Amino acid sequence: MAGGPPEAQDHPPENGFTLLERAAPRLLPHVDGCVLPSLGGFGRHQKQLVVLTWIPALFIGFSQFSDHFLLAQPNSTCVQPLGNDSSNSNWTGTHLPVSASSAPALHLKGNNGTGEGFEDSGGMLCACAERRLELQTGLTQNVVTKWNLVCDSAWKVHIAKFSLLVGSIFGYLVMGVMADWFGRHPVLILSALFMLVFGLSVAFSVNVTMFSTLRFFEGFCLAGLALSLFVLRIELCLPAWRFSMTMVASFLKVGGQLLMPAVAALCRYWPSGEDWQVLQIVIISPFVLMLPYVWIFPESLRWLLATQHYKRSKAMMLRIARKNQVDLTSEPSGVLTELEQELHRKPQRSCIVKMMSTRNLWKNIVVLCVNSLTGYGIHHCFARSMMDPEAQPTALCHADYYTMAGIAVATCLALCPAVGLMGRRGGLLAFMIITALASLLQLGLLNLIGKYSLRHDTVLRDTLNRKFSVAFSIIGMFSSHAVSTLSIFFCAEITPTVIRGGGLGLVLASAGFGMLTAPIMELHNQKGYFLHHVIFACCTLLCIICLLLLPEPRGQPLPESLADGETFTRQTLLHPGEQHLLLAKCDRDYSRVHDTPLHLMATGSATVAAATALAAVPASYALATGGEVIGNRAIANGV
């Protein structure tokens with residue numbers, strides 16, 4: 001007689017099926033949502049480790065920009081011309097307004113009534129029997145002046161520049177895979193150790209071949225060091241702290257770029273004349289401070305959990321909880337209890353090659369690779385456009401170096417509020433649009449100014465073109481640097497932990513290819529520069545379209561497995577409840593859809609198949625059934 005609703009236990013399950021209990025969701029795969037909050041969140045221990053990743057960023061900035069001083073082009077003065085030609089009998093040793101490295105071989109004028117002579121000052125320089133090389137970068141001697149890498153030997157300077165960049169490209173690819181397979185900590189320690197070995201060996205090179213070879217291995221180790229520190233810093237932070245902690249490291253790296261001229265100037269006062277060797281030792285020696293990282297810097301907990309190193313993960317979690325003063329045994333989330341139940345599992349490692357088996361993840365990484373390549377490649381185009389073609393190349397070294405450093409500082413300052421307002425994808429898209437506009441306006445607007453206006457006032461036209469070119473170049477360098485920086489950070493956020501090292505290595509290697517275009521253009525004496533700029537300008541337009549396909553990782557937890565990375569896709573423009581509005585109501589009658597040609601073709605095929613099946617029936621059965629049908633028809637006719 002109870003008036004309330006009947007209880008569920010009074011009614012047995014229908015059809016004999018029993019209800020299954022829903023399995024409790026796992027906690028260990030949710031590092032940002034469950035594991036790190038149970039260990040104190042972004043606590044004292046994590047902050048100390050992040051600070052330890054900032055310190056080497058300053059030294060990395062020293063090494064990455066050392067080429068501007070070790071391989072700087074000197075001013076040259078011809079002390080004694082070659083031979084005793086009459087045209088050179090009154091030579092007094094004039095300072096030549098060209099750099100020694102850019103001087104071409106000796107070219108003689110044709111027999112046009114002016115007699116034989118030197119075609120330009122570069123030819124005079126290379127025709128000198130004795131020349132004096134002077135540096136303007138703070139050093140008294142560098143690799144170029146020590147081994148006289150001018151004129152016919154100038155190509156060796158570009159090979160030396162290639163060596164560091166090519167070594168970095170290989171380092172990003174190889175060390176990224178090793179970081180995913182063996183862990184971040186071994187890659188960090190090995191890179192720091194061999195960085196000391198090869199970096200200090202560079203200072204004792206006996207020829208330019210040895211210098212270039214050792215610089216290759218120095219770049220290889222430098223890439224492994226930068227990559228492992230970047231990944232460790234990302235994996236230590238919660239979503240709200242990731243970008244700010246990364247930008248602090250970027251500021252320190254730019255600080256190393258700004259301090260490099262002062263360090264070079266101090267090495268000038270070293271008693272011995274080999275101050276370039278002193279500079280190399282000074283910028284490499286601080287990496288000794290990273291040797292204690294063997295004991296004080298642990299492996300990434302996020303990587304240990306993602307690769308199922310649960311025994312090591314348990315010891316790491318207890319250590320972190322102790323440092324953050326958290327009682328993990330009484331923690332109500334049950335993370336430690338679940339971890340103890342998974343201790344029997346074997347570790348499972350992954351490689352970046354598994355990315356090819358996904359549908360969305362590999363597309364995201366390829367888009368970011370093209371973005372970083374375009375950003376660094378077009379950055380050199382803008383830097384080249386900003387140079388004054390009438391100024392001395394050596395005089396441009398100081399102005400260009402400080403200009404690029406200042407633009408890098410401005411970029412880091414602008415990225416913080418821009419990403420905070422627009423997010424990762426919005427900020428990257430905005431800066432890429434600015435880069436494309438600056439590039440297209442520089443390529444097209446300046447030609448229009450010279451063609452349709454100020455055709456009679458050539459001086460004013462050239463001055464206006466020059467000012468517009470410098471303005472667009474500065475804007476383009478600013479935005480392209482932001483694109484490159486944000487693309488690398490974007491990749492670290494959307495790539496799963498199990499292949500984050502390899503994915504980030506691909507994007508960084510693409511950035512290295514973009515930077516490699518600068519010495520390639522210098523090697524070809526800037527030939528094809530305009531086409532080079534046009535190609536990268538077209539790439540910016542392609543990148544703008546592709547960026548719309550990327551997801552927005554701001555405030556999202558880092559993906560841990562390949563499945564997490566595959567489901568990390570772009571959100572739809574419409575909310576789930578609004579998609580039904582796209583389905584318009586229609587009152588058309590579809591009852592005669594079977595009369596369509598397509599339907600008739602389908603039914604015709606079915607009829608032919610049925611006839612073929614009837615043909616296979618035995619003849620006796622067909623005759624019997626045929627007689628029965630004839631009899632039935634006769635009866636029907638009689639009725």
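Residues numbered from 1 in each chain as written. Predicted model: local features only at pLDDT ≥ 70, side-chain atom pairs only at ≥ 80, totals over all residues. Heavy atoms only, no water.

### Quick notes on the overall build of the chain
Helix and strand content of the chain: 22 helices and three strands. For the chain, the proportion of its 639 residues judged to be buried stands at 46%. A separation of at least 24 residues holds for 80% of the contacts in the chain among residues at least 6 apart in sequence. Accessible surface, the chain as shown: approximately 32,900 Å² in total, 65% of it carbon and sulfur. (Helix = DSSP H or I, 4+ residues; strand = E, 2+ residues; numbered from the N terminus. Buried < 20%, exposed > 50% of the residue type's maximum accessible area, 1.4 Å probe, protein only. Contact = heavy atoms within 4.5 Å. Areas by Shrake-Rupley, 256 points an atom, 1.4 Å probe, with all protein chains shown as cover.)

### Some remarks on helix α19 (residues 529-547)
Given a rise of 1.5 Å per residue, 19 residues ought to cover 27 Å, and the 27 Å separating the end C-alpha atoms of α19 matches this to within 8%. Of the residues making up α19, those classed as buried are Y529, H532, H533, F536, A537, T540, C543, I544 and L547. Summarising the axial view, the buried residues of α19 lie within an arc of 135°, below the 170-degree limit, and thus occupy one face. Residues L531 and I545 are exposed on α19 and point more than 90 degrees away from its buried face. (Expected span 1.5 Å × (residues − 1). Arc of directions from axis to C-beta.)

### Side note on the packing of aromatic side chains
For the structure shown, the criterion picks out 14 aromatic pairs. A centroid spacing of 5.9 Å and a plane angle of 75° characterise the contact between F59 and F287, whose relative ring orientation is edge-to-face. With a gap of 228 residues between them, F59 in helix α2 (residues 44-64) and F287 in the loop between α10 (275-284) and α11 (293-296) connect regions that are remote in the sequence. No difference in accessibility class separates F59 from F287, as the two residues are buried. (Phe/Tyr/Trp six-rings, centres within 6.5 Å; stacked < 30°, edge-to-face > 60°.)

### Description of the packing of α2 against helix α8 (residues 208-236)
Running from N to C, α2 and α8 point in directions that differ by 155°, and their axes come no closer than 10 Å. In terms of orientation, α2 lies roughly antiparallel with respect to α8. Considering how the two elements wind past one another, α2 and α8 form a crossing that is left-handed. For the pair formed by α2 and α8, the contact residues are Q46, L49, V50, T53, W54, P56, I60, S63 and Q64 on the first element and E218, L222, L225, A226, L229, R233 and L236 on the second. When its residues are assigned to classes, the contact of α2 with α8 shows 10 nonpolar, four polar and two charged. (Axes fitted to C-alpha atoms, helices over the stretch in contact; angles between N-to-C directions. Parallel < 35°, antiparallel > 145°, perpendicular 65-115°, else oblique. Left-handed = near helix turned anticlockwise from the far one by under 90°. Nonpolar A, V, L, I, M, F, W, Y, C, P; charged D, E, K, R; others polar.)

### Remarks on the nonpolar core
Core analysis: the biggest nonpolar cluster contains 77 residues, and L279 and F287 have the highest contact counts within it. The greatest single-element share of this core, amounting to 10 residues, is contributed by α8. Formed by 58 residues, the second largest nonpolar core is a distinct cluster that contains L227, M247, I365 and L504. (Core = buried A, V, L, I, M, F, W, Y, C linked by side-chain atoms within 4.5 Å.)

### A closer look at the pattern of salt bridges
Enumeration according to the criterion identifies 11 salt bridges in this entry. Between R215 and D67 there is a salt bridge whose closest N-O contact spans 2.2 Å. Note that R215 is positioned in helix α8 and D67 in helix α3 (residues 67-70), a separation of 148 residues in sequence. Take R215: its relative accessible area is 0%, and that puts it in the buried class. Under the relative-accessibility criterion, D67 is labelled buried at 13%. Across the pair R242 and E493 runs a salt bridge, and its minimum N-O distance is 2.8 Å. Remark: E493 occurs in helix α17 (residues 458-494) and R242 occurs in helix α9 (residues 242-267); sequence separation between them is 251 residues. Here R242 falls in the buried class, since its relative accessible area comes to 1%. The exposure class assigned to E493 is buried, which follows from its relative accessible area of 1%. (Salt bridge = Lys/Arg side-chain N within 4 Å of Asp/Glu carboxyl O.)

### Thoughts on the confidence of the model for the chain
Per-residue confidence for the chain averages 77 on the pLDDT scale, and 72% of its residues sit at or above 70. Within the chain, strand β2 (residues 95-99) has the poorest average pLDDT of any element, 43, and helix α7 (residues 184-202) the best, 95. Counted against residues more than four places away or in other chains, residues 573-587, with its pLDDT under 50, gives three contacts. Taken as a whole, residues 613-639 scores under 50 in pLDDT and shows zero contacts with residues more than four places along the chain or in a different chain. (pLDDT = per-residue confidence, 0-100.)

### Considering the side chain of Q280
Of note, Q280 is situated in helix α10. Looking at Q280, the relative accessible area reads 0%, which means it is buried. In this structure Q280 touches L70, G199, V202, A203, R215 and E218, once residues within four positions along its chain are discounted.

### Focus on the side chain of H379
Here H379 shows up in helix α15 (residues 361-386). For H379, a relative accessible area of 15% gives the class buried. For H379, the side chain forms a polar contact with the side chain of S480, separated by 3.1 Å. Setting aside chain neighbours within four positions, we find H379 in contact with M477, S480 and H481. (Polar contact = N/O pair within 3.5 Å; in protein donor to acceptor, adjacent residues only side chain to side chain.)

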